[in-house]
Amino acid sequence: MTSPMVEAIGVRKSYVGVEVLKGVDLTVTRGEVTCLIGPSGSGKSTLLRCINHLEKHDAGELRVDGELVGYEARNGKLYELSDKRICGERAQIGMVFQRFNLFQHLTVMENITVGQIRVKGVKEDVANAKARELLARVGLDGKEKHYPAQLSGGQQQRVAIARALAMDPKLMLFDEPTSALDPELVGEVLDVMKDLARTGMTMIVVTHEMNFAREVANTVYFLDGGVIEESGAPKDVLTNPRTVRLQGFLSKVL
Amino acid sequence: MTSNGDDAVKVVPVRHYSRWAGTFVVLILLAMLIHTIFSKIGTGINICVRTHGLRHCHQPQRWRFYWNVVFHFFTSSDVIHGLYVTLELTVAAMTIGIVLGVILAVMRRSQSRLLSSTAWTYTWFFRGTPVLVQLLFWFNIAALYKTITIGLPFLPVTFVHLNVLSILNPFRSAVLALGLNEAAYMSEIARAGLLAVDEGQIEAATSIGMTRIQSLRLVVLPQAMRVIIPPTGNEVISMLKTTSLVSVVGVTDLLAAVTNISAVNFLTMALLIVASIWYLIVTTILSIGQFYLERHYAKGALRNPPPTPIQRLRGDLKGVASKYRTKRGVPAEVPT
C-alpha cells in the first residue's frame, strides 16, 4: 500500500495572537490534483507554506511522502531538523508563487539552472539541456537569454513553473498562480498546469479559478476561518455545496 | 498631422526667450572665467635697463594661476609618491570598510539579539565620533596597549602575542582608523541594499532548496548591489578626500607631499592647484568606473538599460542628422 503524498492531521498555526489554521486535516493522494479554495484569509496559503516548511506549524502532524515536515521522530521525541536537512526536503517540493518571484538579475536560462547546479550539483551542460527541454514544454523556447522584466506576467509564471520542475519535484505547490495575471494571460498558465496534471504530477493548487478546479482537480477542499468546511470530488463540492458558507462563497465567485 | 509629404502642416516651436537670455549670460560668465584662469599678471618686480641714456623699465609677467609651476611639480617624484600613498590608503580603507560593513549589515538582520545589537552599537560608536579623533586615537593606541595578547578570557591560554608599536606604524594606524570608521557608514548602505530586495526573492530561493547563505550570496546580494553601488561610489570618492587628514599623524599623502614642497618654495597656491587637479583626475576615473559597474549590476532590473555615454553621443549625432534630413523634407528615422 502506498502512503499518501501529503497527510495533515490537526495542523495548527498562529501568528502573534491570531490563529490562522485551527486544526486542518487533509490527505493528498499520489498523482492527484488537489485544489484549495476559500475566501482570502482563510488559511489556504499558510497551509501550503507549512507543507513546504516556509512556515513552521505549531501543532498537529504534517507528513510529506511519509516523513514528518521539519522534524524527525526518534525514541518517542521530536527532533527539529537541521537547516541543511530542511533545505534538502524543500528541494524535492516545487513551489510556484502568486507574484512569480523569478530571480530578477538572472536570465530565464539561469533562473532554471541555478537550483540544479548550486543545490543538486548537476553539471552545467546537463542543467542547460534540461532547462531547454522544460522551456519547450512550457512553450517558451527562444526566450533563454531574456530577463524576467522583459517577459509578460504569463510568460514569467511559466518560467517559474519550469524553474520548479527543474528540481524534479515529487510534489508541486501552486499559491494562487494566476491571481496576479491579466485575464487574457490566465489561460496560458492554466494550460501548462493541465499538461502537468496529465503527466501524473502530484499537485496542490490554491486557486480562485473554479473552472480549473472543476476540470482538473481530483479533490477540492474548501477552507474557511482556518478549518476545512467541506471536501470531496469537484462535481459534488462545487455543484452541490452542503454548507451555507460554501454556498455563499460560490455564489460570489462564480 | 504628418511631418512628411508636401501637404505637411508647419509646426512653430515655442520660443523660450528667458532660456536664451540665461544661456547668453552663462556663456559670458564662462568666457570671463576661462580668460581669468589663463591670464597673466605682473610679478611686481621692476627691471630697468638704460640704453642710449634712456631708462626703460618693464615688469616681467607671470601666469595668474602659476601654470608653469603647476606643470613643473605636477609629475615630480614627491607628488607622485604622495598620490600613490593616497590611493593606497583609499583602497585599503575602503576594502576594510566594505567587507566589515557587509558583515555588520548581515549581523543587523540576524535573529540573534546579541549579534544585531552588537552591530548597532558598532555603528553608533563609529558614526558618533569624528573621524579625525579616531585617526588620532588609533595613532596613539600604544598609550593604552603596548602589547596585544589574544587568548581565552580568564584562562591562562594565549594564542598570539603582538607588540603594538611594531605592527601599527602611522600608515597602518591610519588605514585602521579610516577603515573602521568607513565600515559604520558602509553597514548602513549595505543594509539599505538588503532591505530593498523583495522578500519573495528569498522565499523563491528557499523553495528550490537553497540554504540561507546560498540565497544571500546568489540571490539577495547581487540584487542589493544595484542599490548599494551609487552611495558606495560616493563613499569611495569621499574617502579619497578624507585621506588628506592623515598628514596629522605623519603619513605623507598627496596633500602632505605638496605642503612639504610649498613649505620650501612658498608657492602654496600653485601646489594646492597641483593637488586639486590630481584629486579631480582620480575622482573622474572613479566616476566612470562607477557608471559601468552600475550598468553591470542593473542587469535584468530594467527592460532597456541606459545607453553608455558613447552610445548616447552616437545617438545624438544620428538625431541631429535626421533632424537635418526632415528639414529638407526627408522623413526622420524613428529612433529605436
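Above this text is the structure in question.
Here's a quick rundown of the structure. Quick caveat, the model's predicted, so the values are computed rather than measured.

A word on the interface of chain A and chain B
Listed as interface residues are 25 residues of chain A and, on the opposing side, 23 residues of chain B. Both faces considered, chain A and chain B share a buried interface measuring about 2,200 Å² in area, 56% of it formed by carbon and sulfur atoms. The largest share of the area that chain A buries against chain B comes from A:Phe103, A:His105 and A:Arg118, three residues that together contribute 27% of it. Across the pair A:Asp83 and B:Arg212 runs a salt bridge whose closest N-O atoms are separated by 3.6 Å. Counting across the interface, chain A meets chain B through six residue pairs in polar contact (both at pLDDT 80 or more). When residues of the side of chain A that touches chain B are traced back to their parent elements, those giving at least two are α2 (83–90), β8 (93–96) and α3 (108–118) of chain A. Tallied by class, residues from the side of chain A that touches chain B come to 13 nonpolar, six polar and six charged.

Looking at the side chain of B:Thr232
All names here are of chain B. Here Thr-232 lies in helix α9 (residues 212–242). Given a relative accessible area of 11%, Thr-232 falls into the buried group. Setting aside anything within four residues of it in sequence, one finds Thr-232 in contact with Ile-98, Met-186 and Ile-189.

Notes on helix α9 (residues 244–253) of chain A
Residues and elements named next belong to chain A. Of all the residues in α9, the buried ones are Leu-246, Phe-249 and Leu-250. Mapping the buried residues of α9 onto a view down its axis gives an arc of 95°, with all of them on the same face. In this structure, α9 carries Val-244, Ser-251 and Lys-252 as exposed residues pointing more than 90 degrees from its buried face.

Considerations on the packing of α3(A) against helix α5 (residues 153–165) of chain A
All names here are of chain A. Packing of α3 against α5 brings their axes to within 8 Å, and their N-to-C directions diverge by 25°. With respect to their mutual orientation, α3 and α5 come out roughly parallel. Our pair here, α3 against α5, has a crossing hand that is right-handed. On the side of α3, the interface is formed by Val-108, Asn-111 and Ile-112, while α5 contributes Val-159, Ala-162 and Arg-163. Class assignment for the residues of the contact of α3 with α5 results in four nonpolar, one polar and one charged.

Observations regarding the packing of helix α8 (residues 199–207) of chain B against α9(B)
All names here are of chain B. Across the interface, α8 lies against α9 with an axial gap of 10 Å and an inter-helix angle of 155°. With respect to each other, α8 and α9 are oriented roughly antiparallel. Where α8 crosses over α9, the two elements pack in a sense that is right-handed. Between α8 and α9, the contacting residues are Gln-201, Ile-202 and Ala-205 on the first element and Ser-215, Val-219, Val-220 and Gln-223 on the second. Its residues placed into classes, the contact of α8 with α9 shows four nonpolar, three polar and no charged.

Thoughts on the sheet that holds strand β4 (residues 59–64) of chain A
Residue and element names in this part refer to chain A. One open sheet accounts for four strands, arranged β2-β1-β4-β5; its pairing is antiparallel. The outermost strands of the open sheet, each flanked by one partner alone, are β2 (18–28) and β5 (67–68). Bridge analysis of strand β1 (residues 6–15) against β4 gives five bridges, and the strand direction is antiparallel. Across the sheet, residue Ala-8 finds its bridge partner in β4, namely Leu-62. Against the sheet, helix α1 (residues 44–51) engages β1, β2 and β4, with an angle of about 65° to β2.

So, how was this worked out
- Residues numbered from 1 in each chain as written.
- Chains lettered and ligands numbered in written order.
- Predicted model: local features only at pLDDT ≥ 70, side-chain atom pairs only at ≥ 80, totals over all residues.
- Heavy atoms only, no water.
- Contact = heavy atoms within 4.5 Å.
- Buried area = accessible area lost by both parts, 1.4 Å probe.
- Salt bridge = Lys/Arg side-chain N within 4 Å of Asp/Glu carboxyl O.
- Polar contact = N/O pair within 3.5 Å; in protein donor to acceptor, adjacent residues only side chain to side chain.
- Helix = DSSP H or I, 4+ residues; strand = E, 2+ residues; numbered from the N terminus.
- Nonpolar A, V, L, I, M, F, W, Y, C, P; charged D, E, K, R; others polar.
- Buried < 20%, exposed > 50% of the residue type's maximum accessible area, 1.4 Å probe, protein only.
- Arc of directions from axis to C-beta.
- Axes fitted to C-alpha atoms, helices over the stretch in contact; angles between N-to-C directions.
- Parallel < 35°, antiparallel > 145°, perpendicular 65-115°, else oblique.
- Left-handed = near helix turned anticlockwise from the far one by under 90°.
- Pairing = 2+ DSSP bridges.

Read these as geometric descriptors, not functional statements.
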